[in-house]
Amino acid sequence: MGRLKLVYVCSLRNAAADMAGRMIAYKDETRYMTSPLEHLVMQLNSSDLGELYELSGVIFDDDLTHSLDSQKLQDYGTSRVACNGEWIYPETLKVGNTPVDELLCCVPSSYRKLPKGSQLWREGKRDFEQRLESKLDELDADVVLLDGLIVILDQLASEESAYAKRIVNIHPGITKEDSVYQRRGATATLDALYGAQGQQVINWQTMEMVDTEVIDKTGASLHYVDQGIDSGPVIHDVLNTKITPTDTIFELRWNNFQQSLFPAMIQGLHVLAKTKITSEEKV
């Protein structure tokens, strides 16, 4: 059996929020914020992961005609030529002999500009998922890895989809239903940080909080994508990030990437490849 074709799908605005590819303040020094994409590529180049997977495409969904995307990406843009400073990964980054820049393509989720829940919004969302599916078909994707894609997939994540059980997500939190460390959704890292301070945000608009049990660890999960929010079956998770209550969001994000998310992603992809290879051998 040949290598599995892996397609990476993300929202650049999420990478920009993490300061990916740049130096961040860390305690009394600075540290480089490696993006999950950069780490993935390095592992494909230097470990046996490269014997299992071939990175065939990197898709992002950002739309600079959307004012929120434009604002969040004002220092990054959607390519390094428009970037003010370093981009989300170094220009020299290659997977094998192919520059990662050459694998980039945009499938914009433009429906997000429309009134949420309206008929036009629903039609636009269906159109986005159809265009994304067409691109995945074109890239002949065996496995689709979502990282910080700030949209919920309905059609592609359904049990009837051709991509059912082929789309996975790397999430910066534990997603197991019965875990006291569970942190789902877009605020997982902030939830973990507040949790280490014995607080829980119950209203993000007003920042109303309640006291709660101190939970001073967090982790990351590679899980299958379903139609819920980080609710699909877990492939592999790692709970290895100790939280100091005085951590900044960037310090915690850096620690969690290094200590839990990168291991969960790489180890989980190994588990997934073994599962897929075993399943195909049985057919």
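Residues numbered from 1 in each chain as written. Predicted model: local features only at pLDDT ≥ 70, side-chain atom pairs only at ≥ 80, totals over all residues. Heavy atoms only, no water.

**Let's talk about helix 6 (residues 188–196)**
Here is the rule we go by: With a 1.4 Å probe rolled over the protein chains alone, any residue whose accessible area is under 20% of its type maximum counts as buried; one over 50% counts as exposed, and the rest are partly exposed. The way it works is that DSSP assigns letters per residue, a run of H or I at least four long becomes a helix, a run of E at least two long becomes a strand, and they are numbered from the N terminus.
By the criterion of burial, helix 6 is predominantly enclosed, with eight of the nine residues buried. Directly after helix 6, the chain includes Gly 198, whose backbone phi takes a positive value near 75°.

**Focus on the sheet that holds strand 7 (residues 104–106)**
Our working rule: We treat two strands as partners when DSSP finds at least two bridges between them. Between the N-to-C directions of two axes lies an angle of 0 to 180 degrees, each axis being a line fitted to C-alpha atoms and, for a helix, fitted only over the stretch in contact.
Spatially, 7-4-1-8-9-12-13 is the arrangement adopted by the seven strands of the open sheet, whose pairing is mixed. This sheet does not close on itself; its edge strands, each paired only once, are strand 7 and strand 13 (234–242). Within the sheet, the average angular offset between the axes of one strand and its neighbour, ignoring direction, is 20°. Across seven bridges, strand 1 (residues 4–10) lies against strand 4 (residues 53–60) in parallel orientation. Paired with Tyr 8 across the strands is Val 58, a residue of strand 4.

**Brief notes about the pattern of salt bridges**
Condition: Salt bridges are counted wherever a side-chain nitrogen of Lys or Arg sits within 4 Å of a carboxyl oxygen of Asp or Glu.
A full pass over the atoms with the stated rule returns 19 salt bridges. When the shortest N-O distance is used, the salt bridge between Arg 112 and Asp 61 registers 4.0 Å. Of this pair, Arg 112 sits in the loop between strand 7 and helix 5 (119–138) while Asp 61 sits in the loop between strand 4 and helix 4 (67–72), and the two are 51 residues apart along the sequence. Across this residue pair, the class does not change: Arg 112 and Asp 61 are buried. Here Arg 131 makes a salt bridge to Asp 127, at a shortest N to O gap of 2.8 Å. You can see Arg 131 and its partner Asp 127 sitting in helix 5, four residues apart, about one turn around the helix. Judged by its relative accessible area of 36%, Asp 127 falls in the partly exposed class. In the salt-bridge network here, residues are joined through shared partners; they are Arg 13, Asp 61, Asp 62, Asp 69 and Arg 112.

**Some points on the pairing of strand 4**
Within strand 4, seven of the eight residues are buried, which leaves the element mostly enclosed by the surrounding structure. Relative to strand 7, strand 4 is paired through three bridges, and the arrangement is parallel. Residue pairing for strand 7: Val 58 is matched across the bridge by Leu 104.

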